[in-house]
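# Summary of the model geometry
The lines below spell out each chain.
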Amino acid sequence: MTDADAAGVPGCVLAIDIGGSKFAAALVSPDGELVTVHKSSVDAGDDAETLFATLVAVIDRVLAYASRVGLSAEIVGVGTAGPLTPNAALVSPLNLPGWRDFPLRDRLGERLGLPVAGALDTQALALGEGWLGAAAGVKNFMAMVVSTGVGGGFVVDGELLHGASGNAGHIGHFVVVPGGRSCACGSRGCLEAEASGTAIAAMTGRSAAQAAPSMVERTGRLVGRAVASAVNLLDLELAVVAGSVALGFGEPFFAAAQAELDAHCHLAGAVRPVIRPAGLGASAPLIGAAAVGWQALSSESPDT
Ligand SMILES: [Zn+2]
């Protein structure tokens, strides 16, 4: 029995993952167990209320199970595709045009009668990896995703960086190839425009899964280059990397990224930073969303 149990069994977090093509919700116990998980695919063409109804249906299935087994949630933790405003008050997931400045936090709060804490999916990933994944016990690290796009989240001195608009962590828009490929953000040579699965497919005519060893090595090097700048800026000791492209490439990718990191990180007094695969696998989005909820509970009452 833990101290928390002895003090009275704490409630769980209702964790919600808002992706571009699916919604997922879970009841997550204080030790990170996914007690029950439900998901639904979403149609990108749905309007705002249809999307919300889909989300509510997923949540209701989770809560129905929770009720049957005598558990309850004391906070809602949300990880969502961005952009958003602080604490997911308004969300505008790029792949869901029906939600533009959708008041997700208030709508969930009204519906559920619980405090709601929210963050970007990549920020949630960072908190989740720091709680139970490859960055457990580390106070200064970054987590990033290298898949169809590239994004990240940063934890400094044990605290997630939110930023002025709530969207901190856009490592995908570090310039790694000056004058390089055009990026959707309007710049050129961004990491996302050079190393994402979308970019690799555009450059090679094949999916990232079929990339040649030279492309795997190049992608690792460019990711390592961006990570090196972030590490030097924020004095980080670790970068954990998730996403289908990075994890699919595996060891040759991580070796190239580490070599590039080593080549660019020599600041006096700084620790030798390490880049390694993320540890939470498929459960990362919901564990991360739960971590967003736990962090809000442990720091202060979210302003509901
Ligand atoms: Zn860009």
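Everything numeric here is computed off the predicted structure, so don't read it as measured data.

### Overview of the environment of valine 176
- Considering the arrangement of structural elements, one finds valine 176 in the loop between strand E8 (159-160) and helix H5 (191-195).
- Sequence separation between valine 176 and glycine 189 is 13 residues, and the spatial gap between their C-alpha atoms is 5.9 Å.
- Beyond its immediate chain neighbours, meaning those up to four positions away, valine 176 contacts Gly189, Cys190, Leu191, Glu194, Leu222, Arg225 and Ala226.

### A few points about the coordination of the zinc ion
- Of the protein atoms, only His173 (ND1), Cys183 (SG), Cys185 (SG) and Cys190 (SG) coordinate the zinc ion, at distances of 2.0 to 2.3 Å.
- Of note is the zinc ion, whose four donor atoms meet at the metal with angles of 104 to 118° in an arrangement that counts as tetrahedral.
- Since its relative accessible area comes to 9%, cysteine 183 is described here as buried.
- Here cysteine 185 falls in the partly exposed class, since its relative accessible area comes to 43%.

### Structural notes on the pattern of salt bridges
- Applying the stated criterion across every chain, the model contains seven salt bridges.
- For arginine 218, the salt bridge is made with glutamate 194, and the minimal N-O distance between the two is 2.6 Å. Here glutamate 194 lies in helix H5 and arginine 218 lies in helix H7 (residues 213-234), a separation of 24 residues in the sequence.

### A closer look at the packing of H7 against helix H9 (residues 251-264)
- Look at H7 against H9: their axes get within 7 Å of each other, and the N-to-C directions meet at 40°. The pairing of H7 with H9 is recorded here as oblique in orientation. Handedness of the H7/H9 crossing: right-handed. Mapping the contact onto sequence places Val216, Glu217, Thr219, Gly220, Arg221, Val223, Gly224, Arg225, Val227, Ala228, Val231 and Asn232 in H7 and Pro252, Phe253, Ala256, Ala257, Glu260, Leu261 and His264 in H9.
- Looking at the contact of H7 with H9, its residues break down into 10 nonpolar, five polar and four charged.

### Overview of the nonpolar core
- Core analysis: the largest hydrophobic core is formed by 34 residues, its most contacted members being Met142, Met144, Ile171, Leu191, Val223, Val227 and Ile275.
- Elements supplying a minimum of two residues to this core: strand E6 (141-146), strand E7 (150-156), H5, H7, strand E9 (238-242), helix H8 (244-249) and H9.
- Among the elements that line this core, the one with the most residues is H7, at nine residues.
- When residues no more than four places from it in sequence are discounted, the contact partners of isoleucine 275 are Val223, Val227, Ala239, Val241, Phe254, Ala257, Gln258 and Leu261.
- Among the nonpolar cores identified, the runner-up in size contains 32 residues, and Ala119, Leu160, Ile287 and Trp294 belong to it.

### Here's the deal with the packing of aromatic side chains
- For the structure shown, the criterion picks out five aromatic pairs.
- Between the aromatic rings of phenylalanine 253 and phenylalanine 254, the centroid separation amounts to 5.0 Å while the plane-to-plane angle is 85°, which identifies the pairing as edge-to-face. Summarising the burial analysis for this pair, phenylalanine 253 and phenylalanine 254 share the class buried.
- An aromatic cluster of at least three residues, connected via ring pairs, comprises Phe23, Phe52, Trp99 and Phe102.
- When the ring centre of phenylalanine 52 is taken as origin, the NZ or CZ atom of arginine 107, which lies over that ring, is 4.5 Å away.

### Thoughts on the sheet that holds strand E10 (residues 274-277)
- One open sheet holds the five strands; their spatial order is E8-E7-E6-E9-E10, and the pairing between them is mixed. Only two strands of the sheet have a single neighbouring strand rather than two, namely E8 and E10.
- Pairing analysis gives six bridges linking E6 to E7, with the strands arranged antiparallel. When the sheet's bridge partners are listed, methionine 144 is paired in E7 with glycine 152.
- Against the sheet, H9 contacts E9 and E10, and its axis sits at roughly 165° relative to E10.

### Notes on unusual backbone geometry
- For the peptide bond that leads from glycine 82 to proline 83, omega is 5°, which places it in the cis range.
- Tracing the sequence through the fold places proline 83 in the loop between strand E4 (73-80) and helix H3 (104-112).
- The residue aspartate 101 is not glycine, and still its phi comes out positive at about 55°.
- Within the secondary structure layout, aspartate 101 lies in the loop between E4 and H3.
- Its relative accessible area of 49% is what places aspartate 101 among the partly exposed residues.
- A positive phi is found at aspartate 157, a non-glycine position, where the angle reads about 50°.
- Mapped onto the elements, aspartate 157 comes out in the loop between E7 and E8.

Conventions we followed
- Just so you know, the residues in each chain are numbered from 1, in the order the chain's sequence is written.
- A pLDDT threshold of at least 70 governs which residues receive local features in this predicted model, and a stricter bar of 80 or more applies before side-chain atom pairs are shown or counted, although totals over entire chains, interfaces and linings include all residues.
- Note that water and hydrogens are dropped before the side-chain values are worked out from all heavy atoms of the structure.
- Each helix is a run of H or I in the DSSP string that is no shorter than four residues. Each strand is a run of E no shorter than two, and both are numbered from the N terminus.
- Residue contacts are defined here by distance: any two heavy atoms, one from each residue, within 4.5 Å place the two residues in contact.
- Distances decide who is a donor: an N, O or S atom must be within 2.8 Å of the metal, or within 3.2 Å for Na, K and Ca. Water is not included, so sites may look incomplete.
- A site with four donors is called tetrahedral when every donor-metal-donor angle falls between 85 and 135 degrees; four donors are called square planar, and six octahedral, when opposite donors sit more than 155 degrees apart and all other angles fall between 65 and 115; any other arrangement is irregular.
- Throughout, exposure labels follow a simple rule: accessible area from a 1.4 Å probe, protein chains only, divided by the maximum for the residue type, with under 20% read as buried, over 50% as exposed, and the rest as partly exposed.
- Salt-bridge detection follows one rule: a side-chain nitrogen of Lys or Arg within 4 Å of a carboxyl oxygen of Asp or Glu.
- Note on geometry: axes are lines fitted to C-alpha atoms, helical ones only across the stretch in contact, with angles between N-to-C directions running from 0 to 180 degrees.
- When an angle is under 35 degrees it counts as roughly parallel; over 145 it counts as roughly antiparallel; between 65 and 115 it counts as roughly perpendicular; any other value is oblique.
- Left-handed describes a crossing whose near helix is turned anticlockwise from the far helix through less than a right angle; right-handed describes the clockwise counterpart.
- Gly is placed with the polar residues, together with every amino acid not listed as nonpolar (Ala, Val, Leu, Ile, Met, Phe, Trp, Tyr, Cys and Pro) or charged (Asp, Glu, Lys and Arg).
- To define a nonpolar core, start from buried Ala, Val, Leu, Ile, Met, Phe, Trp, Tyr and Cys residues and group those joined through side-chain atoms within 4.5 Å.
- Ring pairs shown here join Phe, Tyr and Trp side chains whose ring centres sit within 6.5 Å, with only the six-membered ring taken for Trp; geometry is labelled stacked below 30 degrees between planes, edge-to-face above 60, and tilted in between.
- Charge-over-ring contacts are defined here by two conditions on Lys NZ or Arg CZ: a distance within 6 Å of the ring centre and an angle within 35 degrees of the ring normal.
- Should DSSP find at least two bridges between two strands, the strands are taken to pair.

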